[in-house]
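Survey of secondary and tertiary structure
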Amino acid sequence: MSERAAPLVVGAGPAGMRAAQALVEAGLRPLVVDEAQASGGQIYRQPPQGDDRSADALYGSEAAKAVRLHRGFAALADRLDYWPRALLWNLRDGVADIAVGGGNRRVAYDGLILATGATDRVLPVPGWTLPGVFTLGGTQIALKAQGCAIGRRVVFIGCGPLLYLVAWQYLKAGVAVAAVLDTAPLARKLHLLRGMPLAPAIVLRGLRMAAELQLRGTAIHHGVTDIRIEGRTRVERIVWRQRGRDKSLACDGIGYGLGLRPETQLADLAGCAFRFDRRDRAWLPERDVSGRSSVPGIYLAGDGARIAGADAAERAGERAALALLEDRGLPYAASRVAALERDLARSDRVRDVLDAAFPYPAHWSRQIADDTLLCRCEEVSAGEARRAIAEFSLTELNRLKAISRIGMGRCQGRVCGAAAAELLARETAQDIAAVGRLRTQAPVKPIPFTLTTSNEPHEPRHAPAH
Amino acid sequence: MPLLHRIARTDHAPVAFTLDGVACEGRTGDTLLTAILCHADKLRDSEFLAAPRAGFCLMGACQDCWVMLASGARVRACATELSSGMDVVTRCGERS
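Reading the values: the criteria
Residues numbered from 1 in each chain as written. Chains lettered and ligands numbered in written order. Predicted model: local features only at pLDDT ≥ 70, side-chain atom pairs only at ≥ 80, totals over all residues. Heavy atoms only, no water. Helix = DSSP H or I, 4+ residues; strand = E, 2+ residues; numbered from the N terminus. Buried < 20%, exposed > 50% of the residue type's maximum accessible area, 1.4 Å probe, protein only. Contact = heavy atoms within 4.5 Å. Buried area = accessible area lost by both parts, 1.4 Å probe. Salt bridge = Lys/Arg side-chain N within 4 Å of Asp/Glu carboxyl O. Polar contact = N/O pair within 3.5 Å; in protein donor to acceptor, adjacent residues only side chain to side chain. Phe/Tyr/Trp six-rings, centres within 6.5 Å; stacked < 30°, edge-to-face > 60°.

Residues and elements named next belong to chain A. Structurally, H70 can be placed in helix 3 (residues 63-74). By relative accessible area, H70 is classed as buried at 12%. Those residues in contact with H70, other than ones at most four positions away along the chain, are M17, S39, G40, Y44, Q46 and Y59.

Here is the structure:
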């Protein structure tokens, strides 16, 4: 029996589940912690209670993958420790603080795989805080996990494959999808031709979804700008500009997202070195092809390290686990390494194509009106941010946070951070990489104050009672 | 007018809860957010501008969906399972 502590896997999405599986297959007994009620992450999220919908209805073309992943993870149940509804809120010196079952668990780990996933990236538009506006991810969760539609007449706005996927899922569920407003000009979709030889299934699926939407009466508008969401106490109307003309449409629900942004807070707390990534337009933890971070014993996998999608996340999770095994001097399937890295390189080229076809409209940050809220938590407007930048000659993001409270609220900059960085870069005529990144503070998400003072002895071998 | 509309799980067992003093029913498997927004069109008023909010990301990241329980506890509605007897207060300054 080894004296060493168990490895810790954070996140039970495709990357975390595959990482855990590879560790179990090598004879280790990892602890997997995940915030959700059930494993699956976002794209393969499981409803907390089964309902009359089939896997095909829930996951569409990804149903076979979802079923395989969920069954594979469930089959490991007695060979690993899995804590759902568990928030890892602090990390230091090989010890993690985990809020779970109403208390705090302090867990020592040996080897840490961070598979923390991503959230929607957004830029503020007028009306974006109105009830009825949800991120694309949230719009999908309402349907998939809760069997609810966010409106009776829904509009989808943004860029990225998720825009069409979620709109199509709503259509299939029988919800009226009034329009899809794509922020990219139609010509950008020509890039998808480059994607055909790399990932024909992905490209054809996307084209089929767009065709089905149009066939069933959903208007698809390309190159939309100047989005404005109107309504007194909830969403009533969407207004936009297209080829120099103002357009509008009545609706009662809006799904909005401009691609994804990685959740990197835990890598930051763990002391990982960061670099600026041009494709994700964000500071990301450094890692090599195996998933090793700059800190020995800490590995990064999935969209939480860099946006690459669910298929890549599965492979990156397994690859990171193999690196952990190698570093621990344990036997591992060396023959898998080359195959996984080849697949990951291909996924990376596919992602380049998707980013070209669905470009992030970072330039919108120039147009954010002064009276539009930039920070939803602290309710700081773009105008207040601009005044702070001018008055205090601010050039760095953490200074802007200290002066204006942007990024200081409950979400810790998850929602407004990308927009605040863009705005600061514009106002000061700096490159986006030069304005810095928000430093992470523990707790990474709000926890009850009483938790920080209760330190139960760690018992990583036992699942806590719920 | 509710914000969310159920299209599945409509026949699951009812779960009783209270919303601003009014007896309501959710369904087994609901999050607190789902249960509230199937009856109402907001979760809370914002702290500084008293503007209505109803959640945003639904995955525990944006922290927009905090609601207050009558006990004074504040919970993230999108990540909290509805349980029988929950007593939710969505209006500023009101305590029952």
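The next thing to look at is the interface of chain A and chain B. Of the residues lining the interface, 50 residues belong to chain A; the matching set on chain B comes to 41 residues. When the two sides are added together, the surface that chain A and chain B hide from each other amounts to roughly 3,800 Å², 56% of it contributed by carbon and sulfur. One salt bridge connects R53(B) with E379(A), and the closest N-O pair in it is separated by 3.4 Å. Scanning the region where chain A abuts chain B turns up 21 residue pairs in polar contact (both at pLDDT 80 or more).

Okay, the packing of aromatic side chains next. Residues and elements named next belong to chain A. Under the criterion given, the structure shown has five aromatic pairs over all chains. A centroid spacing of 5.5 Å and a plane angle of 70° characterise the contact between F156 and Y170, whose relative ring orientation is edge-to-face. Note that F156 is positioned in strand 11 (residues 153-159) and Y170 in helix 5 (residues 161-172), a separation of 14 residues in sequence. Since its relative accessible area comes to 0%, F156 is described here as buried. Look at Y170 and you get buried, because its relative accessible area is 0%.

It is worth stressing that arrangement in space is one thing and function is another; only the former is reported here.
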